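Here's the letter readout for the chains.
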Amino acid sequence: MAFTLWNLLEASILILNAVCVLHEERFLKNVGWGANAPVQGFGEQPSVKSQILHLVRSIRTVTRIPLIFLNTALIVIKLILG
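Remember, it's a predicted structure, so these values are computed and weren't measured experimentally.

Draft legend 1. Structural detail: the overall build of the chain. Along the chain, the regular secondary structure elements total three helices and zero strands. Tracing the chain from N to C terminus, the helices and strands come up as α-α-α. A burial count over the chain gives 18% of its 82 residues as buried.

Draft legend 2. Summary view of helix 1 (residues 5-20). With 16 residues, helix 1 extends 23 Å between its outermost C-alpha atoms, agreeing within 8% with the 22 Å of an ideal straight helix rising 1.5 Å per residue. Where helix 1 is concerned, the buried positions are Asn7, Glu10, Ile13, Asn17 and Val19.

Draft legend 3. Representation of a nonpolar patch on the surface. A contiguous nonpolar surface patch, about 580 Å² in accessible area, is contributed by Trp6, Leu9, Val76, Ile77, Ile80 and Leu81. Only helix 1 and helix 3 (48-81) provide two or more residues apiece to the nonpolar patch. You can see Leu9 is positioned in helix 1. By relative accessible area, which is 40% here, Leu9 ends up partly exposed.

Draft legend 4. Just the packing of helix 1 against helix 3, in detail. As a packed pair, helix 1 and helix 3 sit with axes 9 Å apart at the nearest point and diverge in direction by 130°. Classed by the angle they form, the pair helix 1 and helix 3 counts as oblique. Crossing handedness for the pair helix 1 and helix 3: left-handed. Note on element contacts: helix 3 touches helix 1 through Val56, Ile59, Arg60, Thr63, Leu67, Leu70, Asn71, Leu74, Ile77 and Lys78, opposite Trp6, Glu10, Ile13, Leu16, Asn17, Val19 and Cys20. Class assignment of the residues belonging to the contact of helix 1 with helix 3 gives a composition of 11 nonpolar, three polar and three charged.

Draft legend 5. Focus on the side chain of Arg60. Secondary-structure assignment places Arg60 in helix 3. Overall, Arg60 belongs to the buried group, its relative accessible area being 15%. The contacts of Arg60, once residues within four sequence positions are left out, are Val19, Cys20, Leu22 and Glu24.

Calculation criteria
- Residues numbered from 1 in each chain as written.
- Predicted model: local features only at pLDDT ≥ 70, side-chain atom pairs only at ≥ 80, totals over all residues.
- Heavy atoms only, no water.
- Helix = DSSP H or I, 4+ residues; strand = E, 2+ residues; numbered from the N terminus.
- Buried < 20%, exposed > 50% of the residue type's maximum accessible area, 1.4 Å probe, protein only.
- Expected span 1.5 Å × (residues − 1).
- Patch = residues over 30% accessible without salt bridge, like charges linked within 9 Å, V, L, I, M, F, W, Y side chains within 5 Å.
- Areas by Shrake-Rupley, 256 points an atom, 1.4 Å probe, with all protein chains shown as cover.
- Salt bridge = Lys/Arg side-chain N within 4 Å of Asp/Glu carboxyl O.
- Axes fitted to C-alpha atoms, helices over the stretch in contact; angles between N-to-C directions.
- Parallel < 35°, antiparallel > 145°, perpendicular 65-115°, else oblique.
- Left-handed = near helix turned anticlockwise from the far one by under 90°.
- Contact = heavy atoms within 4.5 Å.
- Nonpolar A, V, L, I, M, F, W, Y, C, P; charged D, E, K, R; others polar.

The values are spatial; any link to function lies outside them.
See below:
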């Protein structure tokens, strides 16, 4: 199986799906990355942990609706092409 652009697109959609279904109170809280993580003060550099949390939250916010259409299109294409 060759590595193609189509495989890269499928992998990125699967990763977006995985990020979007993460539940903060069930999974991330057990790791210590819940919503009640310590807030940085004004002027302090945000830690890597808080940047990743903000990235996950923003991905969930921005890609929720487009991901529904992407998943539907991907399923239809897979059904048609095999």
